[in-house]
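What follows is the residue order along each chain.
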Amino acid sequence: MNYRIAAVSFLNAVPLVEWFRVSECTPVQLSLALPSRLPALLSTGQADAALLPVIEIFRGQAAGLLGATGIACRGSVDSVKLFHRGPLSDVQRIFVDRGSRTSVALLKVVLAETVGLTIPFEIVEPMLGSHLKEHEGILVIGDRCLAFDYRYRQEGEAGNSIALDLGQAWLDLTGLPFVFAAWAAAPGLPRRLGMTGVGELTDLMTTSREYGLAHIEEIAAREAAAGRLGHGGESTPAALLYYFCRSLRFRLGADELAGMNRFQELCIAHGLALAGPAPVVL
């Protein structure tokens, strides 16, 4: 059986999809898109499964999780940050990356829970040369966040701007890992494929993850040679290896699922998702 899957187009997903790219026998057709585009691919039948932002899983955009594979962190994640001028509690205007869903919800939760701040967000496409005014902030995610981080340090703006790593902010708030995205099945997929088909697809996701992790040094070296940025915005094999192995987690264990469930509870409490059961692992 052939499957259509969709993943985010960021560096953080590369280890999870490497096997699909290089294997000549995998029955998977892979497409890449921004996180905000993935729910539509599932709902319109263009994908059987997607590396879905967890906020969309809470909002009922998936039938359930396909095994225990995703993109998570425990502490600083490096590639999801709020850059802001002035104290966090004094921020009056926040721009958010147009490609983000889960990170926007996470920022709203963090601001409400830590400084009691609830302000409207403005959706933008972050531009590397833009400058923040006093009491403004911008949420930047993915590869672009690594570039922003590097620019702020290179131009000496760190003294005037503060970079809040949302992975670390979540750990400080809850003591738990944070899950940004997880492999999830399209609504109706278990009925269409049966549990045998779901199990086969889950096994393919796991195989691809383990292949990527087994070849992580090669992937880091290749992506660095291509100019991709890693930890600290540096384009070196060591920086990318740090990002893959220290900043990120790709296996979702009991702690990661507990973090996901806590995030769902807080999203419901702050009106970011409707009340509902915790995501199930198919």
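Structural data are supplied above this passage.
A quick note: this is a predicted structure, and the numbers were derived from the prediction, not measured. (Residues numbered from 1 in each chain as written. Predicted model: local features only at pLDDT ≥ 70, side-chain atom pairs only at ≥ 80, totals over all residues. Heavy atoms only, no water.)

Peer 1: Help me understand the overall build of the protein in this model?
Peer 2: The helix and strand inventory of the protein stands at 10 helices and 11 strands. Here the protein has a C-alpha radius of gyration of 18 Å; the compact-globule value for 282 residues is 19 Å, and the two agree. In terms of overall dimensions, the protein has a C-alpha envelope of 55 × 45 × 30 Å along the principal axes. Burial analysis of the protein (282 residues in total) assigns 53% to the buried set. (Helix = DSSP H or I, 4+ residues; strand = E, 2+ residues; numbered from the N terminus. Rg over C-alpha atoms; globule rule 2.2 N^0.38 Å. Buried < 20%, exposed > 50% of the residue type's maximum accessible area, 1.4 Å probe, protein only.)

Peer 1: So what exactly am I meant to see when it comes to the pairing of strand 10 (residues 178-185) here?
Peer 2: Summarising burial for strand 10: 8 of the 8 residues are buried, a large majority. With 5 bridges connecting them, strand 3 (residues 49-53) and strand 10 associate as antiparallel partners. The residue bridging A50 from the neighbouring strand is A184, located in strand 10. Relative to strand 10, strand 4 (residues 64-73) is paired through 6 bridges, and the arrangement is antiparallel. Each bridged residue has a counterpart across the sheet, and for G70 the counterpart in strand 10 is A182. (Pairing = 2+ DSSP bridges.)

Peer 1: Whenever I open this one, the sheet that holds strand 4 confuses me. Can you help?
Peer 2: Picture the strands of a sheet paired through backbone hydrogen bonds; they go either parallel or antiparallel. Taken together, 6 strands build an open sheet; the order of strands is 2-1-3-10-4-11 and the sheet is mixed. Of all strands in the sheet, those with a lone pairing partner are strand 2 (28-33) and strand 11 (249-251), marking the two edges. Neighbouring strand axes in the sheet, compared pairwise and without regard to direction, differ in orientation by 25° on average. Strand direction decides the pairing type here: strand 1 (residues 3-8) and strand 2, joined by 6 bridges, are parallel. Directly across from A7, in strand 2, lies its bridge partner L32. (Axes fitted to C-alpha atoms, helices over the stretch in contact; angles between N-to-C directions.)

Peer 1: I tried to follow the packing of helix 1 (residues 14-22) against helix 8 (residues 216-225) on my own but got confused; where do I start?
Peer 2: Helices that pack against each other are described as a pair by the angle of their axes relative to one another and the distance between those axes. It is at 11 Å that the axes of helix 1 and helix 8 come closest, and there the two elements cross at 95°. When the axis of helix 1 is compared with that of helix 8, the two are roughly perpendicular. Two secondary-structure elements touch here, helix 1 through V14, P15, E18 and R21 and helix 8 through I216, I219, R222 and E223. Partitioned by chemical class, the residues of the contact of helix 1 with helix 8 number 4 nonpolar, no polar and 4 charged. (Parallel < 35°, antiparallel > 145°, perpendicular 65-115°, else oblique. Contact = heavy atoms within 4.5 Å. Nonpolar A, V, L, I, M, F, W, Y, C, P; charged D, E, K, R; others polar.)

Peer 1: Could you clarify how one ought to interpret the pattern of salt bridges in this entry?
Peer 2: As a working rule, side chains carrying opposite charge can pair if their charged atoms are close by. One pass over the structure, following the stated rule, counts 18 salt bridges. The partner of D149 in a salt bridge is K81, with the nearest N and O atoms 2.9 Å apart. Taken together, the positions of D149 in helix 5 (residues 142-154) and K81 in strand 5 (residues 80-85) put the pair 68 residues apart, joining distant regions of the chain. Exposure class is identical for D149 and K81. Each is buried. Of the charged contacts in the structure, one is a salt bridge between R262 and E265, with a shortest N-O distance of 3.0 Å. With a gap of 3 residues between them, R262 and E265 both fall in helix 10 (residues 254-269), about one helical turn apart. Residue class for E265 comes out partly exposed when judged on its relative accessible area of 45%. (Salt bridge = Lys/Arg side-chain N within 4 Å of Asp/Glu carboxyl O.)

Peer 1: Please explain unusual backbone geometry as it appears in this structure.
Peer 2: Where the residue is not glycine, phi is negative for most of them; where a peptide bond is considered, it is trans in most cases. If you check the backbone angles, D78 has positive phi at about 75° while not being a glycine. As for its placement among the helices and strands, D78 is situated in the loop between strand 4 and strand 5. D78 gets classed as buried once you look at its relative accessible area, which sits at 6%. The phi torsion at H135 lies on the positive side, around 70°, for a residue other than glycine. A relative accessible area of 26% means that H135 is categorised as partly exposed.

Peer 1: Looking at this model, I keep getting lost on the packing of aromatic side chains. Mind explaining?
Peer 2: The geometry of two aromatic rings is summed up by the distance between their centres and the angle between their planes. With the rule as written, the count across this model stands at 8 aromatic pairs. Aromatic pair W19 and F20: ring centres 5.7 Å apart, planes at 50°, arrangement tilted. Each of the two residues, W19 as well as F20, counts as buried. Between F83 and F148, the aromatic rings sit 5.8 Å apart at their centres with planes inclined by 35°, giving tilted as the arrangement. Here F148 lies in helix 5 and F83 lies in strand 5, a separation of 65 residues in the sequence. Assigned by exposure class, F83 and F148 land together as buried. Cluster of aromatic residues (ring-pair linked, three or more members): F58, W170, F178, F180 and F263. Sitting over the ring of F148, R151 keeps its end group 6.0 Å from the ring centre. (Phe/Tyr/Trp six-rings, centres within 6.5 Å; stacked < 30°, edge-to-face > 60°. Lys NZ or Arg CZ within 6 Å of the ring centre and 35° of its normal.)

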